Protein chains: 2
Amino acid sequence: MTDDRRKFRRESAEARKDALILAALDLVAEQGVRGATVRGIAERANVTQGLIRHYFSSKEELISAAYEYHMKAMTDQTAASAKDGSARDRLKGFVTASLTPPVVDPRAVALWAGFLNKTQQDPGMREIHRRTYAYFRDHLEALIAAAYADAGLSASPARLRHLGTAANAVIDGLWLEGGALPDAFEDGELAQIGLEAVGAILGFSLE
Amino acid sequence: MTDDRRKFRRESAEARKDALILAALDLVAEQGVRGATVRGIAERANVTQGLIRHYFSSKEELISAAYEYHMKAMTDQTAASAKDGSARDRLKGFVTASLTPPVVDPRAVALWAGFLNKTQQDPGMREIHRRTYAYFRDHLEALIAAAYADAGLSASPARLRHLGTAANAVIDGLWLEGGALPDAFEDGELAQIGLEAVGAILGFSLE
DNA sequence: TCAGTAATTATGCAAGTGTATAATTAGAGC
DNA sequence: GCTCTAATTATACACTTGCATAATTACTGA
């Protein structure tokens, strides 16, 4: 029989899941969660749609896995920045890295937007979001505390918490702006704005 | 005949269009553009789906009209703020209003996210977005220029443009943060962060 | 080399999608 | 009141959606 049944190669579960997750993220960024159809995802991952059901019990589960994957990638990306130097330098490095490509990235902001509904409605995804947010803010708060200590300044825990929240809000907000309007800023302009603003909030210059 | 055909009242074109637009915005905020189906929109507006086609030539057109409506509402909302007082006070009022409810609003941010794809792909909606963004930035830049003049400071046009872009980025970013994380900030906290950050960028205190 | 197994593809289905068109009926004008 | 028009509803259609299940085929290991 001249069956034109599609040839295929067997891959490890891990490789296939990753490919499906990456394809799903691409489509969510481009068209939102609802626009990321199982057929579209399968096509982009070079498999047929049945395979999705083989590795994930539903589209919902794939989307959730993709979100978790993405959020982990985001934290890994910034965790790498600035492990040495003075506290002030590490803080400065964190702000700069967070406001410079590849962290600043239109695709990542598109994903943020595409997932927003889900993170506010689905309890599982809400939890992933909460955890990632807390990770960033706590990391930043620790950097601020260290910089304060180094500078011989003191601040109450409540004050430090407020500073962490405020600095995080500025950085996060600028990150969104930079990804949403990639042509609105010159190279390094976004990071400079961030350093000025965060410095003002903390009460000492980061530039 | 016991025809259970639905009773209805005739309404003006304007009233019906507005009702359909508001219903569409609700659903876009909740479920994104793709989740806002013609049947869902019609139901929320208390009409049947055929009526949408009567007033809009396609779903696409309704969505576009809804986006324009929303963006106009956003500009109207802040245009009202701070028409008198010193330049510095007007600037301060603009920042504060932009970072306080009802301008800061989870639904508005959900709409921002829901429309993001469209504003980056559909040329018509991209233009509406560009215009609204330019309006805000220019408005802010004018306020900054006036405040500089009042304070006896001078700044080149290029410098003013940079300051407008930077201040706008901070405000816009914080606005997104406030709407996305309504419980992360105390009353007035977001506005205070904005005033500190913008003040630092401009080089004089707004507090 | 040759099963056996599970990874992969193919097919089918019911529900939901936007759009097109026909059928009704509310209300304005006389 | 009566007519007529257009605002509104109802129905139909082709297509897409997620999911289920059956049919194949690539690879493992003996």
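Cut-offs used in this document
Residues numbered from 1 in each chain as written. Chains lettered and ligands numbered in written order. Predicted model: local features only at pLDDT ≥ 70, side-chain atom pairs only at ≥ 80, totals over all residues. Heavy atoms only, no water. Near = heavy atom within 4 Å. Polar contact = N/O pair within 3.5 Å; in protein donor to acceptor, adjacent residues only side chain to side chain. Helix = DSSP H or I, 4+ residues; strand = E, 2+ residues; numbered from the N terminus. Nonpolar A, V, L, I, M, F, W, Y, C, P; charged D, E, K, R; others polar. Contact = heavy atoms within 4.5 Å. Buried area = accessible area lost by both parts, 1.4 Å probe. Salt bridge = Lys/Arg side-chain N within 4 Å of Asp/Glu carboxyl O. Core = buried A, V, L, I, M, F, W, Y, C linked by side-chain atoms within 4.5 Å. Buried < 20%, exposed > 50% of the residue type's maximum accessible area, 1.4 Å probe, protein only. Expected span 1.5 Å × (residues − 1). Least-squares fit on C-alpha atoms with pLDDT ≥ 70 in both.

A. Highlighting the protein's contact with DNA strand C. Close to DNA strand C lie 29 residues, the nearest being A:R5, A:R16, A:Y55, B:R10 and B:R53. A:R6 has a polar backbone atom sitting 2.8 Å from a phosphate oxygen of DNA strand C. B:R53 is positioned such that a nitrogen or oxygen atom in its side chain is 2.4 Å from a phosphate oxygen of DNA strand C. Looking at the surface near DNA strand C, the elements with two or more residues in it are α3 (50-55) of chain A together with α2 (38-44) of chain B. Examining the composition of the surface near DNA strand C, we find that 4 residues originate from one element, α3(A), more than from any other. Class assignment of the residues belonging to the surface near DNA strand C gives a composition of 7 nonpolar, 7 polar and 15 charged.

B. Here's a closer look at the interface of chain B and chain A. Counting residues at the interface gives 36 residues for chain B, matched by 36 residues for chain A. Where chain B abuts chain A, roughly 3000 Å² becomes buried across the two surfaces, and 62% of that area is made up of carbon and sulfur atoms. The largest share of the area that chain B buries against chain A comes from B:R34, B:N117 and B:E177, three residues that together contribute 17% of it. Scanning the region where chain B abuts chain A turns up 0 salt bridges. For the side of chain B that touches chain A, the secondary structure elements donating two or more residues are α1 (13-35), α6 (106-121), α7 (123-150), α8 (157-180) and α9 (189-202) of chain B. Counting residues per element, the side of chain B that touches chain A draws most heavily on α8(B), at 11 residues. When its residues are assigned to classes, the side of chain B that touches chain A shows 20 nonpolar, 10 polar and 6 charged.

C. Main features of the nonpolar core. Grouped together as the largest cluster of nonpolar side chains are 86 residues, with contacts concentrated most on A:W175 and B:W175. If we ignore the near neighbours within four places in the chain, the residues touching A:W175 are A:M74, A:S98, A:L99, A:V103, A:V104, A:D105, A:A108, A:V109 and A:W112.

D. Geometry of helix α9 (residues 189-202) of chain A. Taking 1.5 Å as the rise per residue, α9(A) with 14 residues should run 20 Å; its terminal C-alpha atoms sit 20 Å apart, in good agreement. For α9(A), the buried fraction is high: 12 of the 14 residues fall into the buried class. For α9(A), the set of buried residues is A:E189, A:L190, A:A191, A:I193, A:G194, A:L195, A:E196, A:A197, A:V198, A:G199, A:I201 and A:L202. In this fold, the buried residues of α9(A) make contact with α5 (87-98), α7 (123-150) and α8 (157-180) of chain A together with α8 and α9 of chain B. Immediately downstream of α9(A), the backbone of A:G203 shows phi near 90°, a positive value.

E. Main features of the environment of B:D105. Residues and elements named next belong to chain B. Along the chain, D105 falls in the loop between α5 (87-98) and α6. We classify D105 as partly exposed; its relative accessible area is 25%. As for D105 and T78, which are separated by 27 residues in sequence, their C-alpha atoms are 13 Å apart. Contacts of D105, omitting those with residues within four sequence positions, involve W175 and G179.

F. Local environment of the relation of the copies chain B and chain A. When chain B is fitted to chain A, the residual RMSD is 0.0 Å, and the transformation amounts to a turn of 180° plus an axial shift of 0.0 Å. Read as a symmetry element, the transformation amounts to a two-fold axis. The rotation axis passes nearest to the C-alpha of B:G173 in chain B, at a distance of 1.7 Å. Of the interface residues in chain B, 100% have counterparts in chain A that sit at the interface too, so the contact is made through matching surfaces.

G. Up close: the side chain of B:H70. All names here are of chain B. Mapped onto the fold, H70 is located in helix α4 (residues 59-79). What makes H70 buried here is its relative accessible area of 9%. Each residue touching H70, except ones within four places of it in the same chain, is listed here: L25, A108 and L111.

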